Amino acid sequence: MSNDSASIDQAVEIAQTTDHATMLMVLGTSGLLALAVLVVPLAARLKIPFTVMLAAIGVLIGFGSNVILTIPWLGFLHEFVHALNSLEITSEAVFFVFLPALVFESALAIDVRRLFDDISSILMLAILGLLISTAVIGLTMSHLTHIPLLACLLLGAIVSATDPVAVVAIFKDLGAPQRLAILVEGESLFNDATAIVVFTIISAMLLGQSDPTLLSGIASFLKVFFGGIAVGYITARLSCFLLMHIGDSNLPKITLTISLAYLSFIVAEHNLHVSGVMAVVTAALVLGSRGRSIITQSAWHGLEEVWEQVGFIANSVIFILVGLKVPSIMAAMNGQQLMWLVVLLFTGFSARFAIIFGLVPLMSRLGWSTQVSTGYRAVMFWGGLRGAVSLALALAVIENDGFAPEIQEFVGVMVTGFVLFTLAINATTVPLVMRAFGLAKLGPADTAIRDRAFSKAMSNVSERVKGTARAMHVGEEQTNQVIQPYLTLIEASSTRVRPDELSDQDWLLIGLRMVCLNENKAYAKMLDRGEISPDTARHLFRQAADARDSIKHGGLSAYLDDYRKKLGFHWHTKFAMFIQRTTGNSGLLAKNLTSRFQVLEAQCTVLHQLKEDLKTQMSEMIGEEASDELQKILERRDLETEQSLKVLQVCYPDYAKDLKKRVLQQTAMRLELGQYQDMMANSLISKEVAGELKQDMADRYQELQQNLSLDLGLDATTLVSKMHFFESLDKGSQHDIAKLLKPRLALPGEVIFEKGSPPDAMYFISTGAIRIELDKQTVIIGSGDFFGEMALLNQQPRIASVISDGFSELLVLHTKDFSEMISKDDQLKQQIEGIAQRRAIENQD
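Keep in mind it's a predicted model, so treat the numbers as computed, not measured. (Residues numbered from 1 in each chain as written. Predicted model: local features only at pLDDT ≥ 70, side-chain atom pairs only at ≥ 80, totals over all residues. Heavy atoms only, no water.)

**Here we look at the sheet that holds strand β3 (residues 761-767)**
Going by this rule: Strands are treated as partners if at least two bridges between them are detected by DSSP. What counts as a helix is a DSSP run of H or I of at least four residues, what counts as a strand is a run of E of at least two, and both are numbered from the N terminus.
Here we have four strands laid out as an open sheet, ordered β1-β8-β3-β6, and antiparallel in their pairing. Of all the strands in the sheet, the pair left with one neighbour each is β1 (742-746) and β6 (786-787).

**Looking at the nonpolar core**
To be explicit about the condition: Residues belong to a common nonpolar core when they are buried Ala, Val, Leu, Ile, Met, Phe, Trp, Tyr or Cys residues joined through side-chain atoms within 4.5 Å. Burial classification: accessible surface area is computed with a 1.4 Å probe over protein chains only, and a residue below 20% of its type maximum counts as buried, one above 50% as exposed, and the rest as partly exposed. Only heavy atoms enter the contact rule, under which two residues are in contact if any of them lie within 4.5 Å.
Counting residues in hydrophobic clusters, the biggest one holds 141 residues, and the most contacted among them are Phe104, Phe190, Leu344 and Phe410. The element best represented in this core is helix α9 (residues 178-206), accounting for 16 residues. In contact with phenylalanine 410, other than residues within four places in its own chain, are Met141, Thr145, Ile147, Cys152, Leu155 and Trp340. Ile510, Phe597, Val606 and Leu634 belong to the second-largest nonpolar core, a separate cluster that totals 61 residues.

**Observations regarding the packing of helix α18 (residues 444-471) against helix α20 (residues 504-528)**
To keep it simple, the criterion reads: Where helices are involved, their axes are fitted lines through C-alpha atoms of the stretch in contact, as for all axes, and angles between N-to-C directions lie from 0 to 180°. For classification purposes, angles smaller than 35 degrees are called roughly parallel, those larger than 145 roughly antiparallel, those between 65 and 115 roughly perpendicular, and all remaining angles oblique. Three classes are used, and their members are as follows: Ala, Val, Leu, Ile, Met, Phe, Trp, Tyr, Cys and Pro are nonpolar, Asp, Glu, Lys and Arg are charged, and the others, Gly among them, are polar.
Relative to each other, α18 and α20 sit at 75°, their axes nearing to 11 Å. Comparing the axis directions of α18 and α20 gives the class roughly perpendicular. Residues Ala445, Ala448, Ile449 and Arg452 of α18 lie in contact with α20, whose contacting residues are Trp507, Ile510 and Met514. Of the residues contributing to the contact of α18 with α20, the split by class is six nonpolar, no polar and one charged.

**Thoughts on the packing of aromatic side chains**
Condition: Centre distance within 6.5 Å is the pairing criterion for rings of Phe, Tyr and Trp, where only the six-membered ring of Trp is used; planes under 30 degrees apart are then read as stacked, over 60 as edge-to-face, and the remainder as tilted.
Overall, the coordinates contain 19 aromatic pairs when judged by the stated rule. Taking 5.8 Å as the distance between ring centres and 35° as the angle between the ring planes, the aromatic pair formed by phenylalanine 349 and tryptophan 382 counts as tilted. Of this pair, phenylalanine 349 sits in helix α14 (residues 335-365) while tryptophan 382 sits in helix α15 (residues 374-382), and the two are 33 residues apart along the sequence. Residue phenylalanine 349 is classed as buried on the basis of its relative accessible area, which comes to 12%. Ring centres of phenylalanine 349 and phenylalanine 421 lie 6.0 Å apart, and the angle between their planes is 65°; on these two criteria the pair is classed as edge-to-face. Here phenylalanine 349, found in helix α14, pairs with phenylalanine 421, found in helix α17 (residues 405-436); they are 72 residues apart in sequence, far enough to count as distant.

**So, the pairing of strand β4 (residues 769-773)**
Covered by surrounding structure in β4 are Ile770 and Ile772 only, the residues Ala769, Arg771 and Glu773 on the alternate face being uncovered. Linking β4 back to strand β5 (residues 778-782) in an antiparallel pair, the connection comprises four residues. Alignment of β4 against strand β7 (residues 801-804), held across four bridges, turns out to be antiparallel. Residue arginine 771 lies in a different strand from β7, and its bridge partner there is isoleucine 803.

**Some remarks on the packing of α20 against helix α21 (residues 534-567)**
To describe two helices that pack against each other, one gives the angle between their axes and the distance between the axes. Across the interface, α20 lies against α21 with an axial gap of 9 Å and an inter-helix angle of 180°. It follows that α20 is roughly antiparallel to α21 by the angle criterion. Counted together, Gln505, Leu508, Leu509, Leu512, Arg513, Cys516, Leu517, Asn520, Tyr523, Ala524 and Leu527 of α20 and Pro534, Ala537, Leu540, Phe541, Ala544, Ala547, Arg548, Ile551, Gly555, Leu556 and Tyr559 of α21 form the full contact between these two elements. Taken together, the residues that form the contact of α20 with α21 break down as 17 nonpolar, three polar and two charged.

So, in structure tokens, the structure goes:
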């Protein structure tokens, strides 16, 4: 009985201990987050980066915790510090809990197109730059200390990993140029991945787990780095597929992205032993580039807000907990190690300076990357802070008993000292570097826009105040007292605006950029309303982004060239044509033309609307002359786009009608949904009744979920039966001829054959218009006619060039089949020869 009683007491004691540990964890975590919230206004007031302030708070608590824990009468403070100390940070916690969230949140916010504009510079810095920095630091520290070379190379890899969190926060506060932010953040993301890969390889060599040779190291690097990219891409594409099929609720979609961040990391790092960071970076970039065309804009904004919150929590926890670790790690530091740290700092910064100011300009001169200004390079150099990744890698060394104690102490002290220096010195002085190079102020164009926007806003405010005063029967004197400050501001702003600084051409380009942004927003609204498919939206977003790029790099002429080029047919359409002509399979071609139909229809709709909306808005912002010229450009583009659409509509009228009907149905559905939402907002119907009505509406509009199919009409038998040339033949003869004829769709402007080319086939026109360019005249022939027969009959080179004037459905009869066809049917032979003789006489005339 006494044994049973002892067992029960022991179980109760264990349960109480567990409950107390759980309470401490909850207290520590919640208190830590509350502390982080209080740090936000303090950091803003002191103008110190938020993460730097967090780390400083953590260090202060770490130094004071020993004193506080010896004074139990401090009550809650004593218990809170005890709870914080119980939240011991480990390398595993950093890698598997915090790092996926921090990396995913950073990568998701990056503009993928802007990233790829500088991808060569970023990858060169992140891979080659880090390897050079690792080698320089490793060789220097090995020569200075008694520590083995591999351990010094390990240190070099750790302190070469940059952390952009603090700098990016500064960029947001100061309004730094977008390209600078992407260069710094993009380098850091790939740099962290490279550092972890190199760390893993060198660690394995140090611990005797792999062969310490150069070739094995290179092979391991390639496998781990690019293996992570593959894992991230596959998991992201699977997630994008799921996002399209999990309903309209935002919560499951946001949850799926959180799952994506952690699963891609764990599958890569733990299961496949490749780079988890590269997997997360790739997954976030893929989701960021495709996600906006898969889910609604409101859902995407919600997703971004959730990830900003996740990033805030992760940064808050990790920087305070890492700060708590600093005193215990730095306690072992002696005078010799302080000297080593000074040398390490000098070597690390010298290596980075050489890479940024040597490697980057060299790449530009060789044409391998775009030019990076001196100011940008200065900020990239000084803004290369070290943070969470470096400390996590150092903790991984400290926690691994396989490393010698002297290596653990050496790495821990050196890395912690390096990180503290960059957070305390670099992070707090980056704004000074930016201001020194004029990177914290607006350019002339943005300044002019700001002043005009301010004047417009102030004018509107003063007019609205006057209207409100009249409605409230406020006297003129009191009204003037209120609006006078606004009128003063307008006058002061007008004196700052110098119209001669920006030409009408400059204002026109500013207006074009505004048009591109408004165009992009209009497509996003169409996607939200279900008027265009995700694939069509992605295509339109890409075209709008290309237009912005063309304005940036080549001005007006580049913009005009770009949109006209987009109205043409690209390589993927031509490839689909090649597949159809070689295999007879028209599925890919139908898909391409369907996409073209929907893209042109959406562009026409948006351009019509933009012309009307921007008439009054633009003149106030960019001036009358620039606004008038902009209107002409939009009208010209609208007309050319509509002409391209009409060519398709003429060729495929049934599909055009179905597409317009679909748009009207979607409009009706949207209006019906709006009615139910208004009724519910006005308490006319309950939420349950609204739900029933919406479900009934969804059932009635079920057909809108199905894609419209475009029939190209390239079935040979059908085309033969439609031609009056063959209508006198019986069904059997038509069927036999159809076996010899190969359907072909000719695009507008396509050259079918050129003058002087060898006779290889003749062509029958099922539908369309063909232009025959002879030496003395040009002849247009259409549906039911044929061409190319004279060269076959005479076995002579072509005497004319033939071009398709629109979409033309042709039946191609090759030389061998031509001989077979006319040998079987004398009447058909005589008919073809008669027409050929008549044309020969006409050509001579």
